[in-house]
Amino acid sequence: MDYKKTNAPLNTVTRDMVKLSADTGNVYETVAIIAKRANQISDQMKHDLEKKLQEFASLNDNLEEITENREQIEISRYYEKLPKASLIAAQEYEEGKLRYRNPARDKNMD
């Protein structure tokens with residue numbers, strides 16, 4: 001899912017964890033699933049931001065020649081205004097857009 005086109009809330013939302021964990025039957029497993037997805041989203045966001053900011057990097061930077069670039073600032077502000085990775089991951093989980101499996105549980109079924 002594209003994190004830029006998500007409908008996740010920008011602020012923290014109180015969620016009913018018992019209802020949220022109905023699929024797994026375990027609150028901690030549900031939290032672990034959401035946390036792993038949040039880490040993936042966070043890494044992707046960080047990679048995308050660094051990639052865009054690299055376009056503005058110059059090889060001859062030194063401390064005396066630091067200049068502000070308006071485009072660079074706008075890109076940074078855009079990423080700051082996006083919903084947090086944990087909120088996006090929780091939204092994806094609620095909407096059923098995450099696929100997950102528990103290898104330990106799969107191993108016991110064999």
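### A short note on the overall build of the protein
- The number of helices and strands found in the protein is five helices and zero strands.
- Scanning the protein from its N terminus toward the C terminus, one meets helices and strands in the order α-α-α-α-α.
- Here the protein holds 110 residues, and the buried ones make up 25% of them.
- Long-range pairs, those at least 24 residues apart, make up 78% of the contacts in the protein between residues at least 6 apart in sequence.
- Looking at the protein as shown, the accessible area adds up to about 8,800 Å², and 49% of this sits on carbon and sulfur atoms.

### Structural notes on the confidence of the model for the protein
- Of the residues in the protein, 85% reach a pLDDT of 70 or more, and the chain-wide mean stands at 82.
- Ranking the elements of the protein by mean pLDDT puts helix α5 (residues 103–109) last, at 71, and helix α2 (residues 27–54) first, at 92.

### Some thoughts on the packing of aromatic side chains
- Following the criterion strictly, the structure yields two aromatic pairs and no others.
- With 5.5 Å between their ring centres and 90 degrees between their planes, Tyr78 and Tyr79 make a pair best called edge-to-face.
- Taking relative accessible area as the criterion, Tyr78 reaches 38% and is therefore assigned partly exposed.

### Observations regarding helix α4 (residues 85–94)
- Where burial is concerned, most of α4 is hidden: eight out of the 10 residues are buried.
- Along α4, the residues that are buried comprise Ala85, Leu87, Ile88, Ala89, Ala90, Gln91, Glu92 and Tyr93.
- Residues of α4 that are buried make contact with α1 (17–20) and α2.
- Remark: Gly96 follows α4 within two positions and exhibits a positive phi of approximately 75 degrees.

### Structural notes on the pattern of salt bridges
- Throughout the structure, instances matching the rule amount to four salt bridges.
- Close ionic contact of Arg37 with Glu92 constitutes a salt bridge, the shortest N to O distance being 2.7 Å. Within this pair, whereas Arg37 is found in helix α2, its partner Glu92 is found in helix α4, the two being separated by 55 residues in sequence.
- Assessed through its relative accessible area of 2%, Glu92 is described here as buried.
- Where Glu95 meets Lys97, a salt bridge forms, and the shortest distance between an N and an O atom there is 2.9 Å.

### A look at the packing of α2 against helix α3 (residues 70–81)
- Running from N to C, α2 and α3 cross one another at 170 degrees; their axes reach a closest spacing of 10 Å. Judged on the interaxial angle alone, α3 and α2 are roughly antiparallel. Here Met45, Asp48, Leu49, Lys52 and Leu53 of α2 lie close against α3, whose contacting residues are Gln72, Ile75, Ser76 and Tyr79.
- Looking at side-chain class alone, the contact of α2 with α3 contains five nonpolar, two polar and two charged residues.

### Looking at the nonpolar core
- Of all hydrophobic cores here, the largest spans 17 residues; its most connected members are Tyr3, Ile34, Ile41 and Tyr93.
- Going through the elements one at a time, α2, α3 and α4 are the ones with two or more residues in this core.
- Setting aside chain neighbours within four positions, we find Ile34 in contact with Leu20, Ser86, Ala89, Ala90 and Tyr93.

Cut-off values and rules
Residues numbered from 1 in each chain as written. Predicted model: local features only at pLDDT ≥ 70, side-chain atom pairs only at ≥ 80, totals over all residues. Heavy atoms only, no water. Helix = DSSP H or I, 4+ residues; strand = E, 2+ residues; numbered from the N terminus. Buried < 20%, exposed > 50% of the residue type's maximum accessible area, 1.4 Å probe, protein only. Contact = heavy atoms within 4.5 Å. Areas by Shrake-Rupley, 256 points an atom, 1.4 Å probe, with all protein chains shown as cover. pLDDT = per-residue confidence, 0-100. Phe/Tyr/Trp six-rings, centres within 6.5 Å; stacked < 30°, edge-to-face > 60°. Salt bridge = Lys/Arg side-chain N within 4 Å of Asp/Glu carboxyl O. Axes fitted to C-alpha atoms, helices over the stretch in contact; angles between N-to-C directions. Parallel < 35°, antiparallel > 145°, perpendicular 65-115°, else oblique. Nonpolar A, V, L, I, M, F, W, Y, C, P; charged D, E, K, R; others polar. Core = buried A, V, L, I, M, F, W, Y, C linked by side-chain atoms within 4.5 Å.

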